[in-house]
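In case you want the letters, here they are:
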Amino acid sequence: MYKIQQNCLKKEFEKYQQEFEKKALEVLNSGCYILGDEVLNFEKEFADFLSVRYCVGVASGSDALWIAFKLLGIGKGDEVLVQANAYFASITGITANGGTPVFVEPDEYYQIDVSKLEEKVTKNTKAVLVVHLYGHTAKMDDILSFCKKHNLYLIEDCAQSHGAEYNGQMLGTFGDVGCFSFYPSKNLGAFGDAGAIVTNNQQLAQNFKIFRNYGSEKRYHHKIIGTNSRLDELQAGLLRVRLKHLNEINTQRCSIAARYNKEIHNDKLILPKERPCSKSVWHQYVIRSDKRNELMEYLSRGGIDTLIHYPIPPYLSEAYSYLGHKSGDYPITEKYSSEVLSIPIYSELTNDEQSYIIKLLNEF
Ligand SMILES: *Cc1c(COP(=O)(O)O)cnc(C)c1O
């Protein structure tokens, strides 16, 4: 019988094990562990990969979001439009600075529904946070014109969409700031916590760099009250190795998704779709069923692990009860959260394992 994990980080590590080990030893032997050449080179290489001017490595995706909102000056009294089915951590960047998330229902691709943005605008609206969920793409041209029209900042949460494109342009480069997480299970994952902020704005990039390092540009000269949120040398070095293989990793994910799309045939299941003019990187392959819990049980009995992204929308989480939302406020989001199921997808999932997953789904 098969035993298939929802994601297997170890197999992805083993594929490039020698390169990772070589790099890790190189960094350990270098005697430099914070803000050295590995971080500088990674920042340059990742910026080049995205075709964006500046990249600043930070400690996590959550920090990337928090710092982005903070240095854009979005805080108390300001409202940020964000999709209601986002990940919890997407929202903390807004609220950590005292800002208020204003939730918008997702569209059929699980991304923020552009047609529902207009009705949410008030005089306090300052920004749109687009969360490219599951590696898919929001409708960026319409979102850009909406932001222009209302003079709003656009921030992209790209924690699940490294390398995804809309109209041939990389996600993270459309808005004022793009925020990335390199949490180990992301498409571009480190071996610990790590993140990055990208922007084409030189002044902002400079401020991000100062802020992440106690607010100092020159040692012991503190211009602003910053924090310690640095990407470290070891993670940066290992990320450089993985970045070289990111296209290959994403291509493998895409071909698994293509196979699922083609070979899963079951009226009880709703399969994910790719938005026209976009390239998804399939961070998750999310199916839907109104018998989701039964389906999860059934797959588990068959040796297939699945996950739910996410069982509780952020506005219904205990932490955000102060926002005063209640069940029923966002029916599409709630429907999705009761029906979604993420089945295994990762670059080292074998053909036989894929066939077995497809077979079980078709027999459900
Ligand atoms: C993972 C993730 C984050 C948080 O990143 P961390 O590096 O874990 O802090 C934020 N937003 C989304 C959409 C994520 O998937």
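About the cut-offs
- Residues numbered from 1 in each chain as written.
- Predicted model: local features only at pLDDT ≥ 70, side-chain atom pairs only at ≥ 80, totals over all residues.
- Heavy atoms only, no water.
- Buried < 20%, exposed > 50% of the residue type's maximum accessible area, 1.4 Å probe, protein only.
- Helix = DSSP H or I, 4+ residues; strand = E, 2+ residues; numbered from the N terminus.
- Pairing = 2+ DSSP bridges.
- Near = heavy atom within 4 Å.
- Polar contact = N/O pair within 3.5 Å; in protein donor to acceptor, adjacent residues only side chain to side chain.
- Areas by Shrake-Rupley, 256 points an atom, 1.4 Å probe, with all protein chains shown as cover.
- Phe/Tyr/Trp six-rings, centres within 6.5 Å; stacked < 30°, edge-to-face > 60°.
- Lys NZ or Arg CZ within 6 Å of the ring centre and 35° of its normal.
- Arc of directions from axis to C-beta.
- Contact = heavy atoms within 4.5 Å.
- Axes fitted to C-alpha atoms, helices over the stretch in contact; angles between N-to-C directions.
- Salt bridge = Lys/Arg side-chain N within 4 Å of Asp/Glu carboxyl O.

*Asks:* Mind showing me how you'd approach the pairing of strand E1 (residues 54-58) here?
*Replies:* Buried residues dominate E1, accounting for 4 of its 5 residues. Here 5 bridges tie E1 to strand E9 (residues 195-199), and the two strands are oriented antiparallel to one another. What sits directly across from Val 56, in E9, is Ile 197.

*Asks:* Any chance you could explain the site of the ligand here in plain terms?
*Replies:* Residues in contact with the ligand, as listed here, are Ser 60, Gly 61, Ser 62, Tyr 87, Ala 89, Ser 90, Val 131, Asp 157, Ala 159, Gln 160, Ser 181 and Lys 186. A distance of 2.8 Å separates an oxygen atom of the ligand from a polar backbone atom of Gly 61. Here a nitrogen atom of the ligand sits 2.7 Å away from a polar atom, N or O, in the side chain of Asp 157. When the free accessible area of the ligand is taken as 380 Å², the share hidden by the protein chains comes to 92%.

*Asks:* Just checking my understanding: could you explain the packing of aromatic side chains for this structure?
*Replies:* Centre-to-centre distance and the angle between the planes together describe a pair of aromatic rings. In this structure the tally under the stated criterion is 23 aromatic pairs. Aromatic rings pair up to connect Phe 42, Phe 46, Phe 49, Phe 180 and Phe 182 into one cluster. Seen from the ring of Tyr 109, Lys 273 lies directly overhead, with NZ or CZ sitting 5.2 Å from the centre.

*Asks:* Looking at this structure, how should I read the pairing of strand E13 (residues 285-288)?
*Replies:* Side chains of E13 alternate between two faces, with Tyr 285 and Ile 287 and Val 286 and Arg 288 buried alike. Across 4 bridges, E13 lies against strand E14 (residues 340-343) in antiparallel orientation. Pairing of Ile 287 across the sheet is with Leu 341, part of E14.

*Asks:* I would appreciate a short explanation of the sheet that holds strand E6 (residues 165-166) in the present structure.
*Replies:* Strand order in the open sheet made by the 3 strands is E7-E6-E12, with antiparallel pairing throughout. Either end of the sheet is taken by a strand with one partner, and the two such strands are strand E7 (169-170) and strand E12 (278-279).

*Asks:* Is there a simple way to think about unusual backbone geometry in this case?
*Replies:* Leaving glycine out, the prevailing phi sign among residues is negative, and the prevailing peptide bond configuration is trans. A cis amide bond links His 309 to the next residue, Tyr 310, at an omega of 10°. Position of Tyr 310 relative to the elements: it lies in the loop between helix H10 (292-301) and helix H11 (331-339). The phi dihedral of Cys 277 falls on the positive side, at around 65°, and the residue is not glycine. On the secondary structure map, Cys 277 appears in the loop between helix H9 (246-263) and E12. With a phi close to 50°, Trp 282 is a non-glycine residue in the positive phi region. Its location among the elements puts Trp 282 in the loop between E12 and E13.

*Asks:* Would you explain H10 in this entry?
*Replies:* Because the α-helix completes a turn every 3.6 residues, residues three or four places apart line up on one side. Among all positions of H10, only Arg 292, Leu 295, Tyr 298 and Leu 299 are buried. Summarising the axial view, the buried residues of H10 lie within an arc of 125°, below the 170-degree limit, and thus occupy one face. Looking at H10, the residues exposed on the side facing more than 90 degrees away from the buried face are Asn 293 and Arg 301. Against E13, H11, E14 and helix H12 (351-362) lie the buried residues of H10.

*Asks:* I tried to follow the sheet that holds strand E4 (residues 125-131) on my own but got confused; where do I start?
*Replies:* Within a sheet, adjacent strands bond to each other through the backbone by hydrogen bonds, running parallel or antiparallel. With mixed pairing, the 7 strands of this open sheet are ordered in space as E1-E9-E8-E5-E4-E2-E3. Looking along the sheet, the strands with just one partner apiece sit at the ends: E1 and strand E3 (100-104). Neighbour-to-neighbour, the strand axes of the sheet open up by a mean angle of 25°, direction not taken into account. Pairing of strand E8 (residues 177-181) with E9, which is carried by 4 bridges, proceeds in the antiparallel orientation. The residue of E9 that forms the bridge with Gly 178 is Val 198. Along the sheet, helix H5 (residues 88-95) makes contact with strand E2 (79-83), E3, E4 and strand E5 (153-157), crossing E3 at roughly 140°.

*Asks:* Could you clarify how one ought to interpret the pattern of salt bridges in this entry?
*Replies:* When charged atoms on two side chains of opposite charge get close, those side chains can pair. Per the counting criterion, the structure on display carries 27 salt bridges. Between Lys 23 and Glu 26 there is a salt bridge, with the nearest N and O atoms lying 3.3 Å from each other. With a gap of 3 residues between them, Lys 23 and Glu 26 both fall in helix H2 (residues 17-30), about one helical turn apart. Its relative accessible area of 12% is what places Lys 23 among the buried residues. For Glu 26, a relative accessible area of 38% puts it in the partly exposed group. Note that Asp 78 and Lys 126 form a salt bridge whose closest N and O atoms lie 2.8 Å from each other.

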